[in-house]
Amino acid sequence: MTDVDRLLAEYVAEHRAGGVADPRAYLSRASPQQSRELAALIDAYLARAPRHALDQDAFRGSSAERTVDELERAIAGQAGLWPAVLPRLRNQAGLKRSTLVERLASALGVSDRQDKVANYYHEMEQGLLPARGVSDRVLEALGQIVGETAQALRDAGRGLTPPDEGPSAAPAVAFARRAYVEPGGTESSGAQPPPRGEWDEVDELFRGS
Amino acid sequence: MASARLASGSGATVRQLRLLVADSILRSTAAVSFQPLPDHELQKLSDDELIEYIRNSRNAGELAAGRRALMVLVCGYERDVKRRLSLRVPKNVVDDVAHDALVKAIAAAFDGTSVGEFRSWLHTIVDRTSVDFYRRAERRPKESILPSEHAGEDDVWGAEPSIDSEAGAVELRIIVEEVLETFNEKHRQVIEVHAFGGLTAGEVCDRIEGMTVDNVAQIASRFRAKLRARLDPGGAP
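Residues numbered from 1 in each chain as written. Chains lettered and ligands numbered in written order. Predicted model: local features only at pLDDT ≥ 70, side-chain atom pairs only at ≥ 80, totals over all residues. Heavy atoms only, no water.

J.: I'm lost on the overall build of chain A in this one. Help?
T.: Along the backbone of chain A there are 12 helices and 2 strands. Traced from its N-terminal end to its C-terminal end, chain A shows the element sequence α-α-α-α-α-α-α-α-α-α-α-β-β-α. Counting across all 209 residues of chain A, residues that qualify as buried make up 54%. At a minimum sequence separation of 6, the contacts of chain A that also span at least 24 residues come to 64%. Carbon together with sulfur atoms contributes 49% to the accessible area of chain A, which is approximately 9000 Å² in total. (Helix = DSSP H or I, 4+ residues; strand = E, 2+ residues; numbered from the N terminus. Buried < 20%, exposed > 50% of the residue type's maximum accessible area, 1.4 Å probe, protein only. Contact = heavy atoms within 4.5 Å. Areas by Shrake-Rupley, 256 points an atom, 1.4 Å probe, with all protein chains shown as cover.)

Encoded structure:
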């Protein structure tokens, strides 16, 4: 048995026993010549590994729980994958939501209505704002702030429409109105469009397309 | 703009009202036919059945039931996705890239744009997402993360990835698949269950007709020799 065989067998055994099974720990035990071969074999093994059983205890507070939260919000909402994509992009850009909103309002030339921009952006992250109504101007400005293209943001907003459903039958409005509580305690039930007489430039930017 | 304004005021059109009624009937029908399952039953569903279940739960307005199925799916694969990514991208981005891959794969399966069975699709997306990471890193050389991220986490993999480029992120898997394709179907099956399925040569013989322990060893040995040659074309035989 070669070193690669032995390390792969050990890896598989640890993985099947529910251990940490960190591939890098095993690669560090292989010689530089054997490392790539072992990496390819471990990778191929993992790509074929069956689904693990749900571990409720490990789930609580885990990154998997955050992913499920965001996907659930996306599936229930009207903004495609924005609930799963926008918070991540903001975090990767190292921005608090208030900072992002300040920059977004400024880029859109509506700094004097920052609170309204904040509400709309909050609804985008929560999946409560219909993605199709958000203008390209908003997505371009937002994309520049978080380092993503406007097109990628638009595509993310279109995601999650089941194949047999057109836009009209997609997410029931009632689902989207479900209240979500932010980590900071902010609760949103999804704002309704303003009465016709109160419609302004910010509404036009976020709901008018 | 016009539709939003109409919806906001008293001027909702007849068409909009019809759509609302149709939507309501559709969801009522879905709600009647959808039966939430307990966790132990969800665990028995295949990946594709879970996706269908999530879709149906959404149509029926049973969000909590859909969430349970999402948990089964995400938890079922997340750690192996991270393990594979730890071979491809720096440790400080494994969590984020894993999240992106899971979201993309599940979303595509959900809206019917995925290809083939879910597990294979997911791992294809893992490969693509790690490629995307390197492309994005080129556009934005320094990935910035909030200082709080990863603090105190003990499941973020240590050390650096075995590859560190866009090309490397894809080739790891492609090479194995290419080498496998040089074998006939029966021999591929032997490699799958022996090299990647963990079955001993004896167990393989019990499962695949006409195989002997020697055959299995020879096939495995040829596979590994081809893999080594492919990984290191200039290396010693």
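What follows picks up the thread again.
J.: Can you help me understand the environment of G133 of chain A in this one?
T.: Residue and element names in this part refer to chain A. Tracing the chain through its elements places G133 in the loop between helix 8 (114-126) and helix 9 (136-146). Sequence separation between G133 and G208 is 75 residues, and the spatial gap between their C-alpha atoms is 5.4 Å. Setting aside residues up to four positions removed in sequence, G133 forms contacts with L205, F206, R207, G208 and S209.

J.: Help me out: how do you make sense of the interface of chain B and chain A in this one?
T.: Many authors give the size of an interface as the accessible area that is lost as the parts come together. Listed by partner, the interface residues are 91 residues for chain B and 79 residues for chain A. The junction of chain B with chain A conceals about 7100 Å² of combined surface from both sides, 54% of it contributed by carbon and sulfur atoms. Along the contact surface separating chain B from chain A lie 11 salt bridges. R84 of chain B is the partner of D43 of chain A in a salt bridge, and the nearest nitrogen-oxygen pair spans 2.8 Å. Ranked by the residues each element gives to the side of chain B that touches chain A, the list is headed by helix 5 (residues 63-86) of chain B, at 19 residues. Broken down by class, the residue content of the side of chain B that touches chain A amounts to 41 nonpolar, 16 polar and 34 charged. (Buried area = accessible area lost by both parts, 1.4 Å probe. Salt bridge = Lys/Arg side-chain N within 4 Å of Asp/Glu carboxyl O. Nonpolar A, V, L, I, M, F, W, Y, C, P; charged D, E, K, R; others polar.)

J.: How should the side chain of R83 of chain B be read in this particular structure?
T.: All names here are of chain B. Structurally, R83 can be placed in helix 5. Residue class for R83 comes out buried when judged on its relative accessible area of 3%. Only 2.8 Å separates the side chain of R83 from the side chain of D80, close enough to count as a polar contact. (Polar contact = N/O pair within 3.5 Å; in protein donor to acceptor, adjacent residues only side chain to side chain.)

J.: Help me out: how do you make sense of helix 9 of chain A in this one?
T.: Since the α-helix packs 3.6 residues into each turn, any two residues three or four apart lie on the same face. Every buried residue of helix 9 of chain A is listed here: V138, L139, A141, L142, G143, I145 and V146 of chain A. On its buried side, helix 9 of chain A packs onto helix 6 (82-92), helix 7 (97-107), helix 8, helix 10 (150-158) and helix 12 (201-207) of chain A.

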